[in-house]
Amino acid sequence: MRRIKYLAFGTLVAIAILAPVFSQAEEGGSGHYMPGANASFVDALPGKPGLAVANFFSFYDASAEISRVGGLVTAGLDATAYADTLVALYQTPLKLLGGYYAIGMAIPYVWLEVKGGIQLTKPDGGTIKFTKRDTANGFGDITVYPFMLGWTGLGGDLKYDVRLGIYVPTGDYKNGDLANVGKNYWTFEPAGSVSYISRKIGLELSAFAGLDFNTKNNDTEYRTGDQFHLDVTIAEHLPLFGGLIGVGANGFYYQQINGDSGSGAVLGDFKGRTSGIGPVLSYVAKVWKKDLVAEIKWLPEIYTKNRLEGDYVWFKLAMAF
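None of these values were measured; they are calculated from a predicted model.

With that settled, consider the overall build of the protein. When its secondary structure is counted, the protein shows zero helices and 15 strands. When each of the 321 residues of the protein is scored for burial, the buried share is 53%. Here the contacts in the protein between residues at least 6 apart in sequence split such that 68% fall between residues at least 24 apart.

Written as structure tokens, this is what we have:
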């Protein structure tokens, strides 16, 4: 195989596009981070000073037997969410500890439809059962990256970084609604990544890991437990039509490391976890003499506990300047 001139390109993946939407173990069905948000070479830092912009579209269709959403305990929850996120990343010429310092931001726009069975207690002790359906759309919780530090090695084949993500509760939230585009709490996410692509054989091995520390939702007196998440991608990249096509698999593991708490956590600590694996397809080409990357992947959840369970679909476009 001829030597592949792989583009020294990567861009920060939007984080938490749908995660601000809903969860089950965590309040609403998930935390801020969504599996697949950071998972492959597309999501690595560029490796050199410059600006990168990206657009990420995601779709999530899921259901759960029991959940707490918008201050309500629901049964038979069904949720569908679409999100489109604009990402901007600037890697500065400033070096710290041998790595380039970078900053970034992700702004999501979210569309939601959520339906679930509700049971309310009347003053006389009786109960009322009904089905509630809510829809919502609008800008979700913005993610800012005030600190990212990235290094390269092995002649540019290896990229690795540390970063701090902060999810800001900018999206609308209303207690009592099933569909909310914001989570109504802050999340602080220290994370790191390693991405290796061989210029000789085109093999990619990428891994992204993070810890999410959540504050309390003051409207519901609910604090979602902290979470650990890991995404791993294995792919092969080959020359095609003047660019490079990548074919592989992305797997993820997501675990709540401590329980939910607060007076609103009526279901107890309700720790959740999920894992899944699915195919990923990418293509890298030159457009207007700039590096353009497209990636699409389908990530079905295969083992879920105390969370919504469904399928994630991602489509990413990124360009470095």
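Averaged over all residues, the pLDDT of the protein equals 83, while 80% of them reach at least 70. Averaged pLDDT values over the elements of the protein bottom out at 79 in strand 4 (residues 127–139) and peak at 97 in strand 6 (residues 158–168). Ignoring residues within four places in sequence, the model shows residues 1–25, a span with pLDDT below 50, making 159 contacts including any to other chains. Counted against residues more than four places away or in other chains, residues 67–74, with its pLDDT under 50, gives 48 contacts.

In terms of nonpolar packing, the biggest core is built from 34 residues, with F41, L112, V114, Y312 and W314 touching the most fellow members. Elements with a contribution of two residues or more to this core: strand 1 (50–69), strand 2 (72–96), strand 3 (99–121), strand 12 (243–256), strand 14 (290–305) and strand 15 (309–320). In terms of residue count, the dominant contributor to this core is strand 2 (five residues).

Here L97, not a glycine, exhibits a phi torsion of approximately 55°, which is positive. Topologically, L97 is positioned in the loop between strand 2 and strand 3. Positive phi is not limited to glycine here, since N184 has a value of about 70°.

On the surface, a nonpolar cluster with roughly 690 Å² of combined accessible area is contributed by F57, Y82, W111, V247, L281, I296, F315 and L317. Relative to the elements of secondary structure, V247 occurs in strand 12.

Take V280: it is sitting in strand 13 (residues 273–287). Not counting the four nearest positions on each side in its chain, V280 is found in contact with T233, G246, V247, G248, A249, N250, E295, I296 and K297.

This part takes up the pairing of strand 7 (residues 187–197). Alternating positions in strand 7 separate cleanly, T187, E189, A191, S193, S195 and I197 being buried on one face and F188, P190, G192, V194 and Y196 remaining unburied on the opposite face. By the bridge criterion, nine bridges tie strand 7 to strand 8 (residues 203–214) in an arrangement that is antiparallel. Bridging from a neighbouring strand, S193 pairs with F208 of strand 8. With antiparallel pairing between neighbouring strands as the criterion, strand 7 and strand 8 make up a hairpin whose turn holds five residues, including G202 at a positive phi of roughly 80°.

Rules of the game
- Residues numbered from 1 in each chain as written.
- Predicted model: local features only at pLDDT ≥ 70, side-chain atom pairs only at ≥ 80, totals over all residues.
- Heavy atoms only, no water.
- Helix = DSSP H or I, 4+ residues; strand = E, 2+ residues; numbered from the N terminus.
- Buried < 20%, exposed > 50% of the residue type's maximum accessible area, 1.4 Å probe, protein only.
- Contact = heavy atoms within 4.5 Å.
- pLDDT = per-residue confidence, 0-100.
- Core = buried A, V, L, I, M, F, W, Y, C linked by side-chain atoms within 4.5 Å.
- Patch = residues over 30% accessible without salt bridge, like charges linked within 9 Å, V, L, I, M, F, W, Y side chains within 5 Å.
- Areas by Shrake-Rupley, 256 points an atom, 1.4 Å probe, with all protein chains shown as cover.
- Salt bridge = Lys/Arg side-chain N within 4 Å of Asp/Glu carboxyl O.
- Pairing = 2+ DSSP bridges.

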